[in-house]
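Spelled out, the chains give:
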Amino acid sequence: MVPTTSSESETKSSFHEVSNAKPQVAVSVLADKKLSANGVTVQTETLTSTATDKSLQNGDIQKLRVSAHREAAISMGQLNGAEYIGINEVRANNAKKVSLLPLIFLIFYEVSGGPFGVEDTVHAAGPLFALLGFLVFPLIWSVPEALITAEMGTMFPENGGYVVWVSSALGPYWGFQQGWMKWLSGVIDNALYPVMFLDYLKSAIPALGGGLPRILAVLALTLVLTYMNYRGLTIVGWFAVSLGILSILPFVVMGLISIPKLKPARWLVADVHNIDWNLYLNTLFWNLNYWDSISTLAGEVHNPKKTLPKALFYAVILVVLSYFFPLLIGTGAVPLERDSWTDGYFSDIAKILGGVWLRCWVQGAAAVSNMGMFVAEMSSDSFQLLGMAERGMLPEFFAKRSRHGTPLIGILFSASGVILLSWLSFQEIVAAENFLYCFGMILEFIAFVWLRIKYPNAARPFKIPGGTIGAVLLCIPPAILIGVVLAFSSIKVMVVSLVAVAIGLVLQPCLKFIEKKRWLKFSISSDLPDITSHGPLLD
């Protein structure tokens, strides 16, 4: 990877085939012309394509167009319908790409990781509303978010993910705000998993309930899993597959054991006058969001234009089933005690249904599930920082990769944030990250619709049907839900979250000032196409 300064505009050539011409035509295009962009002289790239078949049938027409960048650099906010050449098509690095199955389980752990953490929905609203929530909520939120991620992630298949989406539609300032809020939300989210890990083990090891042993356990767990992220995304992906199987298997056994004890009437218990809507909505929202997080790993995926939509489709099914059936088992096979339905209660249900051995198995599954969620989230957060650095939004050192192809500085920054925030309670962490996440999703919806309106003919390997009107309608239900979640936020969470947003608003101009003074080096990776002026997609 050869970086160029952000003030330079690198020129590239693109090939477009028109008509029904055969693809095996020998082409050699050498562009050695110097252009002047904003007073900076730049050298055009030399592109060469070779093929084996030089024959064309009569009547076939091959038109080749070589287009260089415009002579003046254009800001990222002016997309001009640019054709996007994915990072997989242009980057040559030694890191192995992630295939379909590991990608499914990475998404599974980005979003879910199993039913651990859904217990509060029963505590807040009772069995009926908990079950309905995990059937209806995915249709309102998860499916639209997954579809938008599939379209935008294949349109811009690079590690910047949603940062690039928003930058392309609204400009680099708002792209940075998106990156700041999403990264902070992700780090806050990751701080949950050591907490949940220890909550499930503290019944077996009471010393982990608090004090110095708990602090040391959080530090040790964070360090071990951070090292695993450092070793490479492929390892993390297959590690996620293994952990996913281990996390789900005990609930399959629990389901078989519970069949004789199931009483369907228990599923219908509801008390509309005794519902904690804040806890209920925040728990549902937290357990069914973060579908877009996988977009920050798109540059590490094998053939993302095909693999990403498939992985999202299968992951949606896996996530919904992994929530609904354990709740069905727990609420139907055990007498209802709403106050007992808190984080870690599934291990108690396992003991009631199968004995101590099943309880230990569920506790072990919860532990490995939290490990899986931690490594998946940290991968997404750290590669997002790398992607932002490759776009010149962060200092260049964030774009440096380890010998394993991983973003070392991004991993260390994300791990530090996890350690600093792990002292917060479960409910405080969930509420704070949901608030920030909502702001980020609002920007994503705006970017999605705006790109549909302004550039309807841009290349979209996966495109949601329905045109611009369909895009708007798709965003309405989740947008309303965002408003509801924000409305139920506590004053404390709202103030802390707004302060975090304000920091991002000031941080971007400060970084630009640092870049201008050359106190730190910023650069745009030459491996990435210029999405603003690369050339029209469709004439």
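Residues numbered from 1 in each chain as written. Predicted model: local features only at pLDDT ≥ 70, side-chain atom pairs only at ≥ 80, totals over all residues. Heavy atoms only, no water.

As recorded by an unreviewed UniProt entry, the protein carries the name Polyamine transporter and is attributed to Nicotiana attenuata. Per UniProt, the protein carries the Sequence similarities (unreviewed entry) text "Belongs to the amino acid-polyamine-organocation (APC) superfamily. Polyamine:cation symporter (PHS) (TC 2.A.3.12) family." (UniProt positions renumbered as here; feature names shortened; annotations may be inferred.)

Let us now look at the overall build of the protein. The secondary structure content of the protein amounts to 17 helices and 6 strands. Burial status across the protein gives 57% buried among its 539 residues. Here the contacts in the protein between residues at least 6 apart in sequence split such that 85% fall between residues at least 24 apart. Surface accessibility of the protein: about 22300 Å² in total, with carbon and sulfur atoms responsible for 67%. (Helix = DSSP H or I, 4+ residues; strand = E, 2+ residues; numbered from the N terminus. Buried < 20%, exposed > 50% of the residue type's maximum accessible area, 1.4 Å probe, protein only. Contact = heavy atoms within 4.5 Å. Areas by Shrake-Rupley, 256 points an atom, 1.4 Å probe, with all protein chains shown as cover.)

This brings us to the packing of aromatic side chains. The description of an aromatic ring pair uses the distance of the two centres, along with the angle that the planes make with each other. A complete count under the given rule lists 25 aromatic pairs for this structure. An angle of 75° between the planes, with centres 6.0 Å apart, marks the rings of F285 and Y437 as edge-to-face. Highlighted residues: F285 in helix α10 (residues 277–287) and Y437 in helix α15 (residues 426–454), separated in sequence by 152 residues. The burial state of F285 is the same as that of Y437; both residues are buried. Centre to centre, the rings of Y290 and Y437 are 4.5 Å apart; their planes meet at 35°, and the pair counts as tilted. On the criterion of sequence distance, the pair formed by Y290 in the loop between α10 and α11 (304–333) and Y437 in helix α15 is long-range, its members being 147 residues apart. (Phe/Tyr/Trp six-rings, centres within 6.5 Å; stacked < 30°, edge-to-face > 60°.)

So, on to helix α6 (residues 172–190). Compared with an ideal rise of 1.5 Å per residue, which puts 19 residues at 27 Å, α6 spans 26 Å between its outermost C-alpha atoms and is within 8% of the ideal. A large share of α6 lies buried, amounting to 16 of its 19 residues. (Expected span 1.5 Å × (residues − 1).)

Here we come to unusual backbone geometry. Although it is not a glycine, N303 adopts a positive phi angle of roughly 50°. Secondary-structure assignment places N303 in the loop between α10 and α11. For R518, which is not a glycine, the phi torsion comes out positive at approximately 60°. Along the chain, R518 falls in the loop between α17 (491–517) and β6 (523–525). Residue R518 is classed as exposed on the basis of its relative accessible area, which comes to 75%.

Within the structure shown, the criterion is met by 10 salt bridges. K182 is the salt-bridge partner of D292, the closest N and O atoms lying 2.1 Å from each other. Here the residue D292 occupies a position in the loop between α10 and α11, and K182 occupies one in helix α6, the gap between them amounting to 110 residues. Among the salt bridges present, the one from D348 reaches R359, with a minimum N-O distance of 3.7 Å. Of this pair, D348 sits in helix α12 (residues 345–354) while R359 sits in helix α13 (residues 356–390), and the two are 11 residues apart along the sequence. Members of the salt-bridge network, linked through shared partners, are E151, R452 and R460. (Salt bridge = Lys/Arg side-chain N within 4 Å of Asp/Glu carboxyl O.)

This part is about the side chain of T283. By the element assignment, T283 lies in helix α10. By relative accessible area, which is 2% here, T283 ends up buried. Other than its neighbours up to four places away in sequence, T283 contacts G117, V118, D120 and T121.

It is worth spelling out a nonpolar patch on the surface at this point. Side chains of L170, W174, I442, I446, W450, I453, L505 and V506 sit close together on the surface and give an oily, nonpolar patch of about 660 Å² of accessible area. When residues of the nonpolar patch are traced back to their parent elements, those giving at least two are α15 and α17. Element by element, the count of residues in the nonpolar patch is highest for α15, at 4 residues. With respect to the helices and strands, the residue V506 is situated in helix α17. (Patch = residues over 30% accessible without salt bridge, like charges linked within 9 Å, V, L, I, M, F, W, Y side chains within 5 Å.)

Checked against the element boundaries, N159 lands in the loop between α4 (127–155) and α5 (162–170). Look at N159 and you get buried, because its relative accessible area is 0%. Reaching out from N159, the side chain makes a polar contact with the backbone nitrogen of G299 at a distance of 3.1 Å. (Polar contact = N/O pair within 3.5 Å; in protein donor to acceptor, adjacent residues only side chain to side chain.)

Turning our attention to empty space enclosed by the protein. A complete count under the given rule lists 2 cavities of 30 Å³ or more for this structure. The computed volume of the largest cavity comes to approximately 50 Å³. Taken together, E110, V111, S112, G114, F116, D189, Y193, W286, N287, Y290, Y323 and M373 make up the lining of the largest cavity. Roughly 30 Å³ of volume is contained in the second largest cavity. Around the second largest cavity, the lining residues are G330, T331, V334, P335, L336, W341 and Y345. (1 Å grid on protein atoms, 1.4 Å probe; cavity = no way out; pocket = protein on both sides within 12 Å on 5 of 7 lines; lining within 4 Å. Points joined across faces, edges and corners; volume = space filled by probe spheres on them.)

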